[in-house]
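An overview of the molecular structure
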Amino acid sequence: MLTLFAQAAGNHNNDFDDLDPEELAIIGAVVLVCFLIWLVVSLFFVQTLTKTLYLCRPRNREMEPAQVYLNLIPGFNVIWFFITVNKVADSLKAEFRERRLYSGDNFGRTLGIVLGVFSLLNCGCYIGGLIPLILFIVYWQKIAQYNRRLAARYQDDDDEDYQDEDEEEDDSRDDDHDDYERRPHERR
């Protein structure tokens, strides 16, 4: 199979005249399978980021959770990923502070930016492709940890101290809190 790709790469006239229709079908199938794998993985990754933002109260969110899906647009995602990383980190920082869970972490900001830079430098080349993959997995795992931590704390929100704190908030925040209370339960 590698010889098929080597033939295709070595063909400089770009019209693939030397390849059989069967070889072209194999190359097309491999490209399609790779695209579908990328799409499925990207959807699960974006879903993790979206769930994490939904676990943050609306007043602490720096971006709407649905905006994370803009990272699925090829080309646009090159810039939008950096914006997403920063907005998710800021949202997590505000939420953790408010819940008194702040740990002094940068909430994946540095790791996400390094991932974005390595992905840009990689530009689809096979050299160094393992580094962005490893960074991607580590960043995803880190965001999933914050997600689990917020979800666990959300389950423990029946504590009296936490309820008293919410009751002291003004009416405008009560509307946001009500929305926050409903949203995770609706998705189950």
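What this report covers is the structure whose coordinates are included nearby. What you see is a predicted model, and the numbers here were worked out from it, not measured in a lab.

Quick notes on the rules
Residues numbered from 1 in each chain as written. Predicted model: local features only at pLDDT ≥ 70, side-chain atom pairs only at ≥ 80, totals over all residues. Heavy atoms only, no water. Phe/Tyr/Trp six-rings, centres within 6.5 Å; stacked < 30°, edge-to-face > 60°. Helix = DSSP H or I, 4+ residues; strand = E, 2+ residues; numbered from the N terminus. Buried < 20%, exposed > 50% of the residue type's maximum accessible area, 1.4 Å probe, protein only.

Okay, the packing of aromatic side chains next. The description of two aromatic rings rests on the distance between their centres and on the angle between their planes. Tallied over the entire structure, the rule returns eleven aromatic pairs. Between the aromatic rings of phenylalanine 45 and phenylalanine 81, the centroid separation amounts to 6.5 Å while the plane-to-plane angle is 35°, which identifies the pairing as tilted. One end of the pair, phenylalanine 45, is in helix α2 (residues 21–55); the other, phenylalanine 81, is in helix α3 (residues 77–98), with 36 residues separating them in the sequence. Taking the relative accessible area as the measure of exposure, phenylalanine 45 reaches 6% and is therefore buried. Between the aromatic rings of phenylalanine 96 and tyrosine 146, the centroid separation amounts to 5.7 Å while the plane-to-plane angle is 85°, which identifies the pairing as edge-to-face. Of the two residues, phenylalanine 96 is situated in helix α3 and tyrosine 146 in helix α5 (residues 130–155); the sequence distance between them amounts to 50 residues. When sorted by exposure, phenylalanine 96 lands in the same class as tyrosine 146, which is buried. Ring pairs connect the aromatic residues Phe45, Phe81, Phe136, Tyr139 and Trp140, which therefore count as one cluster.

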